[in-house]
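Residues per chain are reported as follows:
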Amino acid sequence: MSPITPYTYFQCPCSDSALFRPGDGSPSSPKNRDFGDEDGAFDPRAPRANYSLYPLEYLLYCEDCHQIRCPRCIAEEIATFYCPSCLFEVPSSNIKSEGNRCTRSCFQCPVCIAPLSVTSFETQPDPNLLGAQDHSAAHHGGPYVLNCSYCNWSSTETGVKFDKSNGIHGQLAKQRNGGTTRLTAKERKERRKELVQSGGSAQGSDHIADEHGIDMETQFANLKHFYQTQLSSSTSGGSGFSGLGELGFSSPTSLSRIMSIYTGGGSLHDKKSKSRLGNMREALEEDEGLIVANLDESAAIEKLRSEGLEGTIDTEQLQNQPPNLGEPHLHGRTRFTSELRPIPYLLRTKRSKRCPVCRHIISKPEAKIQTTRFRIRLIAGNYVPSITIRPLVLPGSSGFIQHPDALLQPLRPIQYMLTFKNPIFETVKISLATPSRTPGRFASKVTVLCPQFEIDANTDVWDEALKDDNRRKRKGEESGNPHQQPEVGKIWERGRNWVSVIVEVVPASLRVDLLEAAPDEEGDEEGEASEKPKVKREVDRGPLREDEDLLEIPMFVRVEWEVDAVGEELGSSRDKEAKEKRELAYWCVLGLGRVAQGN
Amino acid sequence: MNERMAGIQPSGMLPHRSVANIKSPPPLGAGSGPGGSGPTTPTRPIISTFASPSSLRAEEDVIIVEFGTRKVQVGFAGDAAPRGTVWFGPELQRRVGDFREWQPGYVPDWRKSALGGLWGAEYELWCNEVRGQDMGLVRDRVERALREAFTKYLLIDSRPRRMVCVLPSDLPIPLLSAVLDSVFTRFQPPTVSLLSPTVSLAVAAGVRSALVVDLGWNETVVTGVYEYREVYRARSIRGGRKLTEQTHDFLARHIPQTEEKGKAESAQSVPREHVLSFEECNGIANRLVWCKPTSLGMSMAELGEGLPTVQEHEESDEESENATRKTRAVVDITLTSPQPAVSFQLPFESLAEPCETAFFDSRYSACSFDDEELPVHLLVYQSLLKLPLDVRSICMSRIIFTGGGANVLGLRQRIFDEVSHLVQTRGWDPVTGKGVDQLRSNPKLKKRGTGQAGNGPVGVQQQNGGEQDGVWHDAANVTHESDPIEEQLKKGTDKRPRVEGELRAIESVGTWSGASLMTHLKIAAVATIDRELWLQHGVLGACKPGDVDSKAHQRQSLGAGGLMRGAGGSSSWTLGVWGTM
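These figures come from a predicted structure and were not determined experimentally.

Novice: Before we move on, could you go through the overall build of chain B and cite the residues and values that matter?
Specialist: Helix and strand content of chain B: 24 helices and 13 strands. Across the 581 residues of chain B, 53% fall into the buried class. When contacts within chain B are restricted to residue pairs at least 6 apart in sequence, long-range pairs at least 24 apart make up 74% of them. Carbon together with sulfur atoms contributes 54% to the accessible area of chain B, which is approximately 26,400 Å² in total.

Written out as structure tokens, the structure is:
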């Protein structure tokens with residue numbers, strides 16, 4: 001699954017509860033039963049597994065709860081908001097008012113998402129457009145455009161030009177594609193205020209709406225305004241819409257309602273609400289938010305006819321587009337390249353992370369945006385033994401060295417060297433468990449030759465160096481021997497804070513026609529009588545699915561170690577045995593690579 | 001004394017209110033000015049003295065989440081549009097740290113993932129068929145999509161925030177439960193309110209009643225909304241997925257090689273063999289497929305009445321223009337998902353074909369369709385027909401098109417025209433068939449029928465038809481008897497006439513925006529679920545909508561608990577129209 005094979009994934013223990021939760025209705029669903037196989041062995045192929053597996057680098061560790069914490073089980077707090085393009089910090093109040101995008105001049109190309117640069121218009125000689133330019137374009141500094149240096153997209157393609165080279169976001173908000181101007185929300189509000197003051201609300205609609213029809217933002221604002229007036233003039237008595245509404249005490253209507261409750265005037269209240277029932281009407285004019293749809297799309301169809309596929313944008317580009325509120329509802333017309341808008345950069349955040357249980361901070365970035373350092377960062381790799389996998393090449397064997405990307409040969413046993421590296425300063429005891437056959441249709445056989453072993457503490461390198469002779473001796477004993485063979489129950493190799501053990505794997509054959517026979521034989525051998533009929537019935541001879549040729553071994557790892565008890569209550573009473581036992585248990589997935597098909 | 005009591009009450013709900021919220025009402029008061037609604041009390045200073053903004057809870061911005069089959073839209077209440085949209089797709093289902101799509105030369109192996117009838121399944125959050133669906137997987141998908149949306153678009157941290165979920169009210173309860181489970185266990189909102197997409201759509205169009213034609217992904221759903229209530233619903237499988245499948249079949253038929261091999265039929269045979277990737281077909285369906293204007297163009301011009309004249313005019317213009325260009329227009333299409341990539345040309349006219357078959361299937365007569373696959377225009381017509389008379393007259397002039405299918409160029413117009421044609425030819429007569437047609441087409445019979453009672457058995461039938469017709473006309477013309485309730489209803493309403501009885505389509509800002517608007521105006525949802533209660537009982541804790549006394553609810557909300565439901569603990573809650581277990 002990951003580009004680097006072999007690889008390891010860790011399952012955060014937090015997902016356990018979700019996966020095996022009772023009362024889930026899970027027994028009925030066939031996919032969940034996969035988890036239940038073989039005493040709840042984890043199935044890395046189950047679709048849900050994708051949501052709970054993480055590479056070790058993504059995991060954090062809470063020192064107080066002694067638990068792995070994955071991105072799903074972490075409480076986050078935002079330290080700073082910033083634009084990834086200009087690296088300017090954005091105050092959090094702006095996020096609410098201005099939105100989640102950079103409001104300076106940072107834009108992405110709508111075609112290829114490369115950053116756009118503001119260039120003076122003259123740099124691109126385009127005779128047609130230059131001729132159309134009427135005002136002082138000849139001087140440098142003239143109109144500016146946004147330009148993509150990667151795919152050469154330019155905002156002139158959609159007819160957008162800017163007068164100034166800074167504050168592009170603001171200028172863009174005032175322009176529609178094609179260069180026509182539009183009112184921004186603020187201007188519209190002022191316009192409305194003026195109209196109200198002059199007393200002519202009736203012709204407001206023709207002022208506010210320009211020739212392009214009412215854009216979505218305006219419609220929304222109109223609606224909001226309309227509903228607010230309606231709500232404030234109607235009671236919240238019984239009309240369907242506001243029946244339960246206006247619970248806020250700030251509104252005069254609900255105050256009057258409270259008054260009526262406390263003056264004991266139940267009847268009064270009733271009368272009032274009845275008399276005002278249905279006060280709220282629907283919007284009747286454009287000014288109030290009602291817009292009769294223009295269903296005529298023949299112009300757009302004509303455009304599509306003349307422009308063909310090139311005139312439209314693909315799905316991804318469409319999904320990258322920020323919501324364009326400056327237009328009336330476009331419906332199908334968003335597909336045209338002429339409707340593309342430069343994408344303002346989405347802001348990003350720096351977050352500090354806390355353990356959701358004990359609220360201790362487990363990751364805290366430096367507040368300064370330019371630095372990528374962390375003040376606190378408890379990554380799991382410093383607490384959990386890391387696992388690396390390598391195909392075992394016996395020095396004595398024929399010089400066949402497997403390329404890491406090479407396909408695994410089905411039914412040919414391969415030995416892998418699993419190296420566990422202990423990052424903590426205590427000696428840890430590790431127990432491994434794997435299902436003897438990997439779950440899924442094509443079951444490979446897995447044998448861990450030495451499932452239990454101890455790893456020495458991660459002591460100081462210099463200490464190690466001083467005790468050098470001792471270590472060297474041991475190394476010579478174990479790996480110096482060219483004729484060493486993997487043996488059951490024995491560690492293959494051992495170092496200062498690491499241990500290697502051997503895993504033997506027989507990759508399954510991916511031939512669908514052999515599927516039936518294989519599990520049956522196995523069932524006989526292991527004497528699983530109950531399993532047999534079930535397997536026979538459910539043989540699925542469908543062709544190979546995505547990633548079914550991947551050989552992944554689920555492995556349950558249990559790490560135990562002892563630490564000096566730190567708690568005072570412990571220290572006082574049992575001084576002698578002031579050791580505290582800790583353990584950590586989790587599922588891992590070892591990905592060994594893809595199995596060759598066709599034999 | 002009343003003052004004081006009123007002052008005490010808010011203290012109960014203080015934690016829920018922040019400065020920002022308290023300040024919001026002024027525009028409300030100011031807004032009422034121009035409306036001429038009489039004097040209103042300005043906001044009371046009392047409140048600010050009692051409002052100690054709580055630092056425990058994030059500033060009270062309500063998050064609105066709209067779930068669709070293929071995407072999730074999120075944003076804050078009060079915004080005009082969602083801040084971000086997350087589409088479901090294979091990328092969202094990979095493991096964390098699986099960067100295969102960034103590797104050079106990576107080509108998604110769509111063939112393998114499409115096996116077992118799962119073509120396109122990974123682009124969907126759920127399907128309405130709950131049997132065999134892994135609810136845990138739905139939960140995981142919801143969680144991941146929301147997490148992505150929250151961190152990427154909303155830029156919020158994990159402090160508890162109130163949430164509003166816009167979910168179709170006919171969502172199967174297991175799915176609803178899965179969504180709520182995921183939301184409550186992973187995001188800790190104190191409450192989640194449910195809003196119906198159709199009602200929010202009506203709100204975002206500024207109307208109280210509407211006929212919502214949702215050309216959605218799974219199916220097309222026509223919902224009659226009357227006075228903010230869903231009163232009728234009809235559905236058909238002719239939706240976005242069907243369109244994409246039809247596009248696939250259409251393209252498969254036109255790929256040069258398959259034509260040679262004579263595979264054209266196999267593409268339509270039952271075990272559908274997909275020769276193109278879902279992504280590509282969906283792309284073509286989104287980009288190129290369009291919808292032909294109705295073939296009844298000529299008759300439309302005569303009918304006129306219900307239609308704005310401008311539209312017809314242009315249509316006939318287009319017709320003549322088209323005639324000249326029709327033969328020339330060709331579209332180049334390059335498809336990369338078949339093994340050797342193919343590129344070929346298709347006449348532009350033919351690209352209307354998938355839409356034609358997906359939504360109308362006009363090759364077949366109306367009686368040959370099953371209930372679940374009615375062509376869209378028939379579906380709309382029948383939904384209108386089944387609505388009560390008053391509701392129909394209101395709803396037919398407030399048709400709102402929504403959903404992804406509304407993006408097919410010309411489709412809305414086509415449906416609208418087809419429906420108005422049906423209305424013009426058939427009227428609101430549920431009886432169809434040859435006999436009725438004969439009756440209608442024969443002016444002699446008709447004349448007699450509408451006149452005084454004919455003679456003989458035939459006459460009796462005619463009379464019946466005449467009466468039905470009569471009812472329809474009379475309803476509009478008859479002088480109403482004075483009805484006390486009716487008068488009461490009319491008392492407060494605006495005197496301006498409502499548009500009714502004519503077909504009209506209106507524009508809505510959108511479902512999400514409607515929900516945003518409602519939440520911003522503090523309209524309480526009927527179904528508001530408290531986190532504690534949900535975690536205790538799950539979906540089984542919901543009462544039947546009728547069991548919850550809305551008055552009690554109101555009273556409670558004004559009482560000691562304030563907005564803090566669940567403080568009482570024993571308060572019953574309901575899922576409203578979303579149903580009960």
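Novice: Before we move on, could you go through the overall build of chain A and cite the residues and values that matter?
Specialist: A tally of helices and strands in chain A yields 17 helices and 23 strands. Among the 599 residues that make up chain A, the fraction classed as buried is 48%. For chain A, contacts bridging at least 24 residues in sequence account for 69% of all contacts bridging at least 6. Summed over its atoms, the accessible surface of chain A is roughly 29,200 Å², and 51% of this surface lies on carbon and sulfur atoms.

Novice: Before we move on, could you go through a nonpolar patch on the surface and cite the residues and values that matter?
Specialist: On the surface, Tyr58(A), Phe99(B) and Trp102(B) cluster together into a nonpolar patch covering about 370 Å² of accessible area. Note on placement: Trp102(B) falls in the loop between β3 (84–87) and α5 (110–113). Judged by its relative accessible area of 66%, Trp102(B) falls in the exposed class.

Novice: With reference to specific residues and values, describe the packing of aromatic side chains.
Specialist: All names here are of chain B. This model, assessed by the stated rule, comprises 17 aromatic pairs over all chains. Arranged with centres 5.3 Å apart and planes meeting at 75°, the rings of Phe 150 and Phe 187 form a pair that is edge-to-face. With Phe 150 in helix α6 (residues 135–154) and Phe 187 in helix α7 (residues 173–187), the pair connects residues that are 37 residues apart, well separated along the chain. Both residues of the pair, Phe 150 and Phe 187, belong to the buried class.

Novice: Break down the sheet that holds strand β5 (residues 191–195) of chain B for me, citing the residues and quoting the values.
Specialist: Residues and elements named next belong to chain B. Taken in spatial order, the 6 strands make up an open sheet running β3-β2-β1-β4-β5-β13, and their pairing is mixed. Looking at the sheet topology across the chains shown, the edges are occupied by β3 and β13 (527–530). Strand after strand, the sheet turns through a mean of 20° between neighbouring axes, direction not considered. Docked against the sheet, α6 engages β1 (63–67), β2 (71–76), β3 and β4 (163–166), running at close to 40° with respect to β2. Here α7 sits on the sheet in contact with β1, β4, β5 and β13, set at roughly 145° to β5.

Novice: Run through the pattern of salt bridges, naming residues and quoting values.
Specialist: Enumeration according to the criterion identifies 37 salt bridges over all chains in this entry. A salt bridge links Arg72(A) to Asp140(B), with the nearest nitrogen and oxygen atoms 2.8 Å apart. With Arg72(A) in the loop between β4 (67–69) and β5 (75–82) and Asp140(B) in helix α6, this pair bridges two chains. A relative accessible area of 9% means that Arg72(A) is categorised as buried. Here Asp140(B) falls in the buried class, since its relative accessible area comes to 4%.

Novice: Explain the packing of helix α8 (residues 216–233) of chain A against helix α22 (residues 511–520) of chain B to me, using residue names and the numbers behind them.
Specialist: Following both chains from N to C, one finds α8(A) and α22(B) inclined at 35°, their axes separated by 11 Å at the closest point. Considering only the axes of α8(A) and α22(B), their crossing is right-handed. Contacts between α8(A) and α22(B) involve Phe220(A), Leu223(A), Lys224(A), Tyr227(A) and Gln228(A) from the first element and Ser513(B), Ser516(B), Leu517(B) and His520(B) from the second. Considering only residue class, the contact of α8(A) with α22(B) consists of 4 nonpolar, 4 polar and 1 charged.

Novice: Break down a negative patch on the surface for me, citing the residues and quoting the values.
Specialist: Negative charge collects at one region of the surface, where Asp390(B), Asp483(B), Glu486(B), Glu487(B) and Glu500(B) lie side by side. Mapped onto the elements, Glu487(B) comes out in helix α21 (residues 484–492).

Novice: Just give me the short version of the nonpolar core, but keep the residues and values in it.
Specialist: One broad rule of soluble globular proteins: the nonpolar side chains tend to lie buried together. Core analysis: the biggest nonpolar cluster contains 57 residues, and Val384(A) and Phe420(A) have the highest contact counts within it. Take this core: its biggest share by element is 7 residues, from strand β22 (residues 550–564) of chain A. Filtering out sequence-adjacent residues up to four positions away, Phe420(A) remains in contact with Pro385(A), Ser386(A), Ile387(A), Ile430(A), Leu432(A), Phe453(A), Ile455(A), Asn497(A), Trp498(A), Val499(A), Val501(A) and Met555(A). Core analysis: the next-biggest nonpolar cluster, separate from the first, contains 46 residues, Phe76(B), Leu154(B), Phe184(B) and Phe187(B) among them.

Novice: Tell me about helix α11 (residues 278–287) of chain B, residues and numbers included.
Specialist: Among the 10 residues of α11(B), 8 are classified as buried, and the element is accordingly described as predominantly covered. Here α11(B) has its buried residues at Phe278(B), Glu280(B), Cys281(B), Asn282(B), Gly283(B), Ile284(B), Ala285(B) and Arg287(B). Close packing links the buried residues of α11(B) with α11 (298–307) and α12 (315–320) of chain A together with α9 (240–254) and β9 (330–335) of chain B.

Novice: Outline the environment of His225(A), supporting the account with residue identities and numerical values.
Specialist: On the secondary structure map, His225(A) appears in helix α8. Placed 62 residues apart in sequence, His225(A) and Asp287(A) show a C-alpha to C-alpha distance of 9.4 Å.

Novice: Tell me about α6(B), residues and numbers included.
Specialist: Along an α-helix, a turn takes 3.6 residues, which lines up residues three or four apart on a common side. All names here are of chain B. Here α6 spans 26 Å end to end across 20 residues, near enough to the 28 Å set by a 1.5 Å rise per residue. Extensive coverage of α6 is indicated by the burial of 16 of its 20 residues. Immediately downstream of α6, the backbone of Leu 155 shows phi near 55°, a positive value.

Novice: Quick rundown of the pairing of strand β11 (residues 399–402) of chain B? Include the residues and the values.
Specialist: All names here are of chain B. Alternating positions in β11 separate into two faces, Ile 399 and Phe 401 on one and Ile 400 and Thr 402 on the other, with burial throughout. Relative to β11, strand β6 (residues 210–215) is paired through 4 bridges, and the arrangement is parallel. Paired with Val 212 across the strands is Ile 400, a residue of β11. The pairing of β11 with strand β12 (residues 505–507) spans 2 bridges and is classified as parallel. Directly across from Ile 400, in β12, lies its bridge partner Ile 506.

Novice: Report on the confidence of the model for chain A, specifying residues and quantitative values.
Specialist: All names here are of chain A. Per-residue confidence for chain A averages 75 on the pLDDT scale, and 68% of its residues sit at or above 70. For the stretch residues 235–250, pLDDT sits under 50, and the model shows 54 contacts to residues farther than four places along the chain or on other chains. Under a pLDDT of 50 for its full length, residues 517–537 has, in the predicted model, 12 contacts with residues more than four places off or in other chains.

Novice: I'd like to hear about the pairing of β3(B), residue by residue, with values.
Specialist: Residue and element names in this part refer to chain B. Taking every second residue as pointing to the same face, the buried face of β3 carries Gly 84 and Val 86, while none of Thr 85 and Trp 87 on the other face is buried. Relative to β3, β2 runs antiparallel, the two being bridged by 4 bridges. By the bridge assignment for β3, Val 72 is matched with Val 86.

Novice: Quick rundown of the side chain of Gln246(B)? Include the residues and the values.
Specialist: Residue and element names in this part refer to chain B. With respect to the helices and strands, Gln 246 occurs in helix α9. Engagement of the side chain of Gln 246 in a polar contact is seen with the side chain of Thr 357, the distance being 3.4 Å. Ignoring anything within four residues of it in the chain, the contact list for Gln 246 reads Pro 354, Thr 357 and Ala 358.

Novice: Explain the confidence of the model for chain B residue by residue, including any values.
Specialist: Residues and elements named next belong to chain B. Within chain B, residue pLDDT values average 74, and 68% of them lie at 70 or more. Across chain B, the secondary-structure element scoring lowest on mean pLDDT is helix α3 (residues 25–35), at 36, and the one scoring highest is β1, at 94. Counting interchain partners and residues more than four positions distant, the pLDDT-below-50 stretch residues 298–316 has 29 contacts. Below a pLDDT of 50 lies the segment residues 449–471, which in the model reaches 7 contacts outside its immediate sequence neighbourhood of four places, other chains included.

Novice: Describe in detail the sheet that holds β6(B), supporting the description with residues and values.
Specialist: Within a sheet, each strand pairs with its neighbour through backbone hydrogen bonds, oriented either parallel or antiparallel. Across the sheet, 6 strands lie side by side as β10(A)-β12(B)-β11(B)-β6(B)-β7(B)-β8(B); this open sheet has mixed pairing. Of all the strands in the sheet, the pair left with one neighbour each is β10 (291–292) of chain A together with β8 (229–236) of chain B.

Novice: Can you explain the side chain of Glu219(B)? Please cite residues and give values.
Specialist: With respect to the helices and strands, Glu219(B) occurs in the loop between β6 and β7 (220–226). Filtering out sequence-adjacent residues up to four positions away, Glu219(B) remains in contact with Asn128(B), Asp214(B), Arg235(B), Ser236(B), Ile237(B) and Gly239(B).

Novice: So what's going on with unusual backbone geometry? Which residues, and what values?
Specialist: In this structure, Gln188(B) takes a positive phi of about 50° despite not being glycine. Mapping Gln188(B) onto the fold places it in the loop between α7 and β5.

Rules and cut-offs
Residues numbered from 1 in each chain as written. Chains lettered and ligands numbered in written order. Predicted model: local features only at pLDDT ≥ 70, side-chain atom pairs only at ≥ 80, totals over all residues. Heavy atoms only, no water. Helix = DSSP H or I, 4+ residues; strand = E, 2+ residues; numbered from the N terminus. Buried < 20%, exposed > 50% of the residue type's maximum accessible area, 1.4 Å probe, protein only. Contact = heavy atoms within 4.5 Å. Areas by Shrake-Rupley, 256 points an atom, 1.4 Å probe, with all protein chains shown as cover. Patch = residues over 30% accessible without salt bridge, like charges linked within 9 Å, V, L, I, M, F, W, Y side chains within 5 Å. Salt bridge = Lys/Arg side-chain N within 4 Å of Asp/Glu carboxyl O. Phe/Tyr/Trp six-rings, centres within 6.5 Å; stacked < 30°, edge-to-face > 60°. Pairing = 2+ DSSP bridges. Axes fitted to C-alpha atoms, helices over the stretch in contact; angles between N-to-C directions. Left-handed = near helix turned anticlockwise from the far one by under 90°. Nonpolar A, V, L, I, M, F, W, Y, C, P; charged D, E, K, R; others polar. Lys, Arg positive; Asp, Glu negative; His and termini not counted. Charge placed at Lys NZ, Arg CZ, Asp CG, Glu CD. Core = buried A, V, L, I, M, F, W, Y, C linked by side-chain atoms within 4.5 Å. Expected span 1.5 Å × (residues − 1). pLDDT = per-residue confidence, 0-100. Polar contact = N/O pair within 3.5 Å; in protein donor to acceptor, adjacent residues only side chain to side chain.

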